[in-house]
Amino acid sequence: MPDVTAGPILDHLKLYLVESPIKMARAQGVGSVRGSVKRVLIRLTTRCGITGWGEAAPWEVFTNTPESAFSALDLYLRPVVQGHPARRLRELLAKMDRTVTNCTDAKAGIEMAVLDILGKAQGVSVADLLGGRVRDSIPLSFSIADPDFAADLERMKAMVPAGNRLFKVKTGVKPHAEDMAHLEAIRDTFGDTVDLRLDYNQALEPFRAMTVLRDVDRFRPTFIEQPVPRRHLDAMAGFAHALDTPILADESCFDATDLLEVVRRQAADAISVKLMKCGGMLRAQQMMAIADTAGLPGYGGTLWEGGIALAAGTQMIAATPGISLGCEFYMPHHVLTEDVLEERIPNREGAVVVPDGPGLGISVSEASLRGGARVLAEA
């Protein structure tokens, strides 16, 4: 006799390695992207016919390659996932950790698909499963990362009147004098009507970083993100102590273990939380429990996710009070030429609206998937 208390049993895992064209080049410091981005979409179905969607969106200079994530999911994680009770999610996460090391993006994708299933089975959103929402929308931060700065400035001129206030400038890619000129142009054009943030993506060396950061400090950014390579925590601590502008740790803070060291060394004033680097929503909340205790606010960062993973990110942030610095979930609306969702998640007055339907609150069909991305491989 079947155990009715077990709930939905994960039964069929379908994977799609997809590629999506993007509207503009992105110069990010540690790596540039142009033309298209790749990611892995996950369709997980239970024996009772409930389907959940997930997405693994690694970046080869940051966490992993899409092809590696696809292989890890297909060859190593599939046997662990299929046949497992959906309600025993933490047990599944532990099994995946014992099966393959790292692959945080692949594990995050499986977790979001399982939570999508559980939300649909119970008729509640993932935010409800994570403790209930504290916000219904999240201020959207758009990254100024086009090699053609004039094009980005024109985008800002259209976005600011529409209610967008948060803009994060990718600095350190171009010569310092050019960065200074661009920051001057933004402040001259928009004054204090925009919330300006800077992100060096590890571009500076500790030897001369302080001089550069003191220069940009005068533009009154909300934070300066990851000015030096991730291992240089003592340098990060020096910047956090010496500068008026808060320092935000991204690459220095992948998971809860990293965060404990950041807190111990007082190496940052805030952290970037990314599902792909920490391994999912539950682990993101685990990190924020530490950050909240230490008084460090969080920022919702991204790699190259599409609408599925960003729906998961909005659900997580909606239920996590400490992630109070907004999110950079702009890819589906502003960078991807098309997405796999049947209906994109709304952006209103400079904010991402958190879906309120069951599960992730999104719909994906075979038609919307194939119409919104090029399928490179299936398994």
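Where an unreviewed UniProt entry is consulted, the protein chain appears under the name Cycloisomerase, with the organism given as Pseudoroseomonas ludipueritiae. Looking at the Sequence similarities (unreviewed entry) heading of the UniProt record, one finds this comment for the protein chain: "Belongs to the mandelate racemase/muconate lactonizing enzyme family."

A. Summary view of the pattern of salt bridges. Summed over all chains, the structure comprises 32 salt bridges. E67 is the salt-bridge partner of K38, the closest N and O atoms lying 3.0 Å from each other. Placement of K38 in strand β4 (residues 36–46) and of E67 in helix α1 (residues 66–81) is noted, with a sequence separation of 29 residues between them. With relative accessibility at 33%, the residue E67 sits in the partly exposed group.

B. A look at the packing of aromatic side chains. Counted by the stated rule, this structure contains five aromatic pairs. Between Y16 and W53, the aromatic rings sit 6.4 Å apart at their centres with planes inclined by 25 degrees, giving stacked as the arrangement. With Y16 in strand β1 (residues 10–21) and W53 in strand β5 (residues 51–56), this pair connects stretches of sequence that are 37 residues apart. In this structure, Y16 and W53 share a single accessibility class: buried. Both rings, one in F142 and one in Y330, keep their centres 5.0 Å apart while their planes meet at 65 degrees; by these two values the pair is edge-to-face. Residue F142 is located in strand β7 (residues 141–144), and its partner Y330 is located in the loop between α12 (307–318) and α13 (331–335); the two are separated by 188 residues in the primary sequence.

C. A look at the UniProt feature "domain: Mandelate racemase/muconate lactonizing enzyme C-terminal" (unreviewed entry) in the protein chain. What UniProt calls "domain: Mandelate racemase/muconate lactonizing enzyme C-terminal" (unreviewed entry) maps, in this numbering, to residues 149–246. Secondary structure across residues 149–246 divides into 49% helix and 12% strand, with the first and last C-alpha atoms of the span separated by 25 Å.

D. Main features of helix α2 (residues 89–99). L89, L92, L93 and M96 are the residues of α2 that are buried. The arc that holds every buried residue of α2, seen down its axis, measures 100 degrees, which confines them to one face. In α2, those exposed residues whose orientation departs by more than 90 degrees from the buried face are R90 and R98. Here the buried face of α2 lies against β1, α1, α3 (104–122) and α11 (281–294).

E. How the structure looks around the sheet that holds β4. With respect to topology, four strands assemble into an open sheet ordered β5-β4-β1-β16, the strand pairing being antiparallel. Each edge of the open sheet is held by one strand with a lone partner, namely β5 and β16 (374–378). Looking at each pair of strands side by side, their axes are set apart by 30 degrees on average, direction ignored. Note: β1 against β4, 11 bridges, orientation antiparallel. Considered in β4, the bridge of E19 is made with K38. α1 contacts β1, β4, β5 and β16 of the sheet and is inclined by roughly 175 degrees relative to β1.

About the thresholds
Residues numbered from 1 in each chain as written. Predicted model: local features only at pLDDT ≥ 70, side-chain atom pairs only at ≥ 80, totals over all residues. Heavy atoms only, no water. UniProt positions renumbered as here; feature names shortened; annotations may be inferred. Salt bridge = Lys/Arg side-chain N within 4 Å of Asp/Glu carboxyl O. Helix = DSSP H or I, 4+ residues; strand = E, 2+ residues; numbered from the N terminus. Buried < 20%, exposed > 50% of the residue type's maximum accessible area, 1.4 Å probe, protein only. Phe/Tyr/Trp six-rings, centres within 6.5 Å; stacked < 30°, edge-to-face > 60°. Arc of directions from axis to C-beta. Contact = heavy atoms within 4.5 Å. Pairing = 2+ DSSP bridges. Axes fitted to C-alpha atoms, helices over the stretch in contact; angles between N-to-C directions.

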